[in-house]
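Geometric and topological summary
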Amino acid sequence: MTDLHTAVIDICDGVLTPADALAFVSDPRFGGIDMFIGKVREHNLGRVVTGISYDLFEPLALRTFEEIGERARRKFGAPMKLYIAHAKGELRIGDIAVIVAAGTPHRDEAFKACRLAIEAVKHEAPIWKQEHYIDGDSEWSEGCSLCEEQREAEDAAKRGAAHGHDHHHGR
Amino acid sequence: MTDLHTAVIDICDGVLTPADALAFVSDPRFGGIDMFIGKVREHNLGRVVTGISYDLFEPLALRTFEEIGERARRKFGAPMKLYIAHAKGELRIGDIAVIVAAGTPHRDEAFKACRLAIEAVKHEAPIWKQEHYIDGDSEWSEGCSLCEEQREAEDAAKRGAAHGHDHHHGR
Amino acid sequence: MKVHISLFGALRDADPRGFIELEAPEPCTIGELRELLRDHLREHAPNISAGLIQRSAFASENEILHNHRALPENGQLAVLPPVSGG
Amino acid sequence: MKVHISLFGALRDADPRGFIELEAPEPCTIGELRELLRDHLREHAPNISAGLIQRSAFASENEILHNHRALPENGQLAVLPPVSGG
């Protein structure tokens, strides 16, 4: 699918570049572009963060990004260009961890495709983050289980309650 | 409100710059940035478009942008930086007509604030577009009435039906 | 009083100068001015539809002025056809 | 067969080499391998909680492999703790 660009960028090799994302999803057919940028922020759950290490299982992460792109295209039907890139390695405050951008004829599909993609990246892609704190401590974030059986059990337990984690550890 | 940047940029004086919007809404406190970019596209309602002229009533447009920013801040509560800029003058295909960007601690508020702001800019700000077609014809777009009495009458007439225009002429 | 009405969008066609000047009674509401403008355009710019005036709003530089409002003291107004920004 | 299991995220602490090698019976399902990995870690990496293994998924480079699936023929697997990207 040439209308989809997916990347994992090792922070040692380069940075994520919003201009590249915008250039990729621009098209004379498209009036609307929505771009989400996730950055490392200096606080989480009340602790002062000094940086985040991102670990990825790259081949499956890239496959997952592609599957997400195909899903967005199927769901919204419209012509669409989609860009999904995630950083790998040791990031500092303000560094860009993820960029998702969608270009479509109208704005509604662009917003929806961009939101769908970032939610899926966060909940489905094999990516892990370890937060480093100012006191020298560090911790792997709690996350979403990719184990189907476990996920079903957890979903059943949570039924009726809000899906709590994504507003706690999330960017 | 120093966390809000509003601008009307005459295309003769300069272009709208996504990098400026991102720089403005970035902050060590913020993990999520959403940016919407509206561009001139080459087709509308089946006609080939060669360009769009944007006319604005600038002082009221800027006041409206500020009011929109304050509304977004009130609605989402979170710390927020918001950037709203609109072009004025003769734009060609691919030129940027509008940029809205929101930076917030988490992604949900960023998406919602960005969407709220672009919808409000399109429906409430004193901005008009005239499309120029390849056959030499041109036309001012149908739009949203800012006349309260008229708007109420139109809303009543439309009750139950979809608010039709924004998917037709919209970016 | 003399009222200066700036034109925008499709209403720019009503006068190539980009504004219209009308003589309004005092006091005068926006609703009354709307009638005056409609009458003026019927005579001087018959290509402008009465429906477009009906759907247009009046405004100062600071805010939309609805039909019940009085004219601003400085007599400076803008007439805003339905908007289509973005 | 010999199974090579790559480690990610919090499970990297289970072995500084970044992988674990286990001997699995043939045939063997992912569910059975999960038990073998849990037993192995209980002995060799007691700091890793059994709950974390329970919440982890197994995968090839192409897809998640659920409990009923057979081991891939090449014996190459990854074990993926709950994800937290973005």
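Residues numbered from 1 in each chain as written. Chains lettered and ligands numbered in written order. Predicted model: local features only at pLDDT ≥ 70, side-chain atom pairs only at ≥ 80, totals over all residues. Heavy atoms only, no water.

A closer look at the pairing of strand 2 (residues 32–39) of chain B
Counting buried positions along strand 2 of chain B yields 8 of 8 residues, so the element is predominantly enclosed. The alternating pattern of strand 2 of chain B places Gly32(B), Asp34(B), Phe36(B) and Gly38(B) on one face and Ile33(B), Met35(B), Ile37(B) and Lys39(B) on the opposite face, and all of these are buried. Relative to strand 2 of chain B, strand 2 (residues 32–39) of chain A is paired through 7 bridges, and the arrangement is antiparallel. When the sheet's bridge partners are listed, Gly38(A) is paired in strand 2 of chain B with Gly32(B). As defined by bridge partners, strand 2 of chain B adjoins strand 6 (residues 96–104) of chain B across 8 bridges and the pair is classed as antiparallel. (Buried < 20%, exposed > 50% of the residue type's maximum accessible area, 1.4 Å probe, protein only. Helix = DSSP H or I, 4+ residues; strand = E, 2+ residues; numbered from the N terminus. Pairing = 2+ DSSP bridges.)

Focus: the pattern of salt bridges
Scanning all chains against the criterion turns up 38 salt bridges over all chains. In this structure, Arg12(C) engages Asp55(B) in a salt bridge whose closest nitrogen and oxygen atoms are separated by 2.7 Å. In this pair, Arg12(C) sits in the loop between strand 1 (2–7) and strand 2 (19–23) while Asp55(B) sits in strand 4 (residues 47–56), so the two residues belong to two different chains. For Asp55(B), a relative accessible area of 7% puts it in the buried group. Its salt-bridge partner being Arg92(B), residue Asp95(B) comes within 4.0 Å of it at the nearest N-O pair. By relative accessible area, which is 59% here, Arg92(B) ends up exposed. Look at the salt bridges and you will find they share partners, linking Arg107(A), Asp108(A), Lys112(A), Arg115(B) and Glu119(B) into a network. (Salt bridge = Lys/Arg side-chain N within 4 Å of Asp/Glu carboxyl O.)

Regarding the interface of chain D and chain A
Each partner contributes residues to the interface: chain D has 26 residues there, and chain A has 32 residues. For the chain D face of the interface with chain A, the top three residues by lost area are Arg55(D), Val83(D) and Gly86(D), together amounting to 30%. Taken together, the connections running from chain D to chain A amount to 2 salt bridges. Counting every contact that joins chain D to chain A gives 16 residue pairs in polar contact (both at pLDDT 80 or more). Looking at the side of chain D that touches chain A, the elements with two or more residues in it are helix 2 (50–55), strand 3 (57–59) and strand 5 (76–80) of chain D. (Contact = heavy atoms within 4.5 Å. Buried area = accessible area lost by both parts, 1.4 Å probe. Polar contact = N/O pair within 3.5 Å; in protein donor to acceptor, adjacent residues only side chain to side chain.)

Quick notes on unusual backbone geometry
Going from Glu26(C) to Pro27(C), the amide bond is cis rather than trans, its omega being -5°. For Pro27(C), the position within the fold is in the loop between strand 2 and helix 1 (30–44). Although it is not a glycine, Leu45(A) sits at a positive phi angle of roughly 50°. Checked against the element boundaries, Leu45(A) lands in the loop between strand 3 (43–44) and strand 4 (47–56). With relative accessibility at 63%, the residue Leu45(A) sits in the exposed group.

Points about the packing of aromatic side chains
Under the defined criterion, the tally for this structure stands at 8 aromatic pairs over all chains. Of the aromatic side chains, those joined through ring pairs into one cluster are Phe57(A), Trp128(A) and Phe8(D). Sitting over the face of the ring of Tyr133(B), Arg47(B) holds its NZ or CZ atom 3.8 Å from the ring centroid. Lying across the ring of Phe19(C), Arg17(C) places its NZ or CZ 4.5 Å from the centre. (Phe/Tyr/Trp six-rings, centres within 6.5 Å; stacked < 30°, edge-to-face > 60°. Lys NZ or Arg CZ within 6 Å of the ring centre and 35° of its normal.)

Observations concerning the packing of helix 2 (residues 58–76) of chain B against helix 3 (residues 107–124) of chain B
Residue and element names in this part refer to chain B. In contact at an axis separation of 10 Å, helix 2 and helix 3 are set at 150° when each is read in the N-to-C sense. The way helix 2 lies across helix 3 gives a crossing that is right-handed. Facing helix 2, whose interface residues are Thr64, Phe65, Glu67, Ile68, Arg71, Ala72, Lys75 and Phe76, helix 3 presents Glu109, Lys112, Ala113, Leu116, Ala117, Ala120, Val121 and Glu124. (Axes fitted to C-alpha atoms, helices over the stretch in contact; angles between N-to-C directions. Left-handed = near helix turned anticlockwise from the far one by under 90°.)

Here we look at the arrangement of the chains
Among the 3 pairs of chains in contact, the pair with the most contacts is chains A and B. No part of chain B reaches chain D; the closest C-alpha pair between them is 10 Å apart.

Description of the relation of the copies chain B and chain A
Rotating chain B by 180° about the axis while translating it 0.0 Å along that axis superimposes it on chain A, leaving an RMSD of 0.0 Å. A rotation of that kind, with that shift, is consistent with a two-fold axis. Of the C-alpha atoms belonging to chain B, the one lying closest to the rotation axis is found on Met35(B), 2.6 Å away. When the interface residues of chain B are mapped onto chain A, 100% of them are again interface residues, pointing to one common binding face. (Least-squares fit on C-alpha atoms with pLDDT ≥ 70 in both.)

A look at the environment of Asp13(B)
All names here are of chain B. Within the secondary structure, Asp13 sits in the loop between strand 1 (4–10) and helix 1 (18–25). The exposure class assigned to Asp13 is exposed, which follows from its relative accessible area of 68%. Spatially, the C-alpha atoms of Asp13 and Gly89 are 10.0 Å apart, while their sequence positions differ by 76 residues.

Quick notes on the environment of Pro46(C)
Residues and elements named next belong to chain C. In this structure, Pro46 sits in the loop between helix 1 and helix 2 (50–55). According to the relative accessible area criterion, Pro46 is exposed, its value standing at 65%. The sequence separation of Pro46 and Ile5 amounts to 41 residues, and the corresponding C-alpha distance is 18 Å.

What to know about the state of the cysteines
Residue and element names in this part refer to chain B. Counting across every chain of the model gives 0 disulfides over all chains. Cys144 takes part in no disulfide bond, and the closest cysteine sulfur to it belongs to Cys147, at a distance of 13 Å. Residue classification places Cys144 among the buried positions, given a relative accessible area of 7%. Residue class for Cys147 comes out buried when judged on its relative accessible area of 3%. (Disulfide = S-S within 2.5 Å.)

Some remarks on the sheet that holds strand 2 of chain C
All names here are of chain C. Read from one edge to the other, the open sheet built from 5 strands follows the order 2-1-5-3-4, with strand pairing classed as mixed. Edge strands, defined here as strands with exactly one partner in the open sheet, are strand 2 and strand 4 (64–65). Sheet topology note: the strand 3 (residues 57–59)/strand 5 (residues 76–80) ladder contains 3 bridges and is antiparallel. The partner of Phe58 across the bridge, within strand 5, is Val79. Sheet strands touched by helix 1: strand 1, strand 2, strand 3, strand 4 and strand 5. Its angle to strand 2, the strand with the most contacts, is close to 110°.

Structural notes on the sheet that holds strand 2 (residues 19–23) of chain D
Residues and elements named next belong to chain D. Reading across the sheet, the 5 strands line up as 2-1-5-3-4 and stay open at both edges, with mixed pairing between neighbours. Looking at which strands have only one partner, the edges of the open sheet turn out to be strand 2 and strand 4 (64–65). For strand 1 (residues 2–7) and strand 5, the ladder comprises 4 bridges, and the chain directions are parallel. Across the sheet, His4 pairs through a bridge with Gln76, a residue of strand 5. Strand contacts of helix 1 (residues 30–44): strand 1, strand 2, strand 3, strand 4 and strand 5, with the helix running at about 110° to strand 2, the strand carrying the most contacts.

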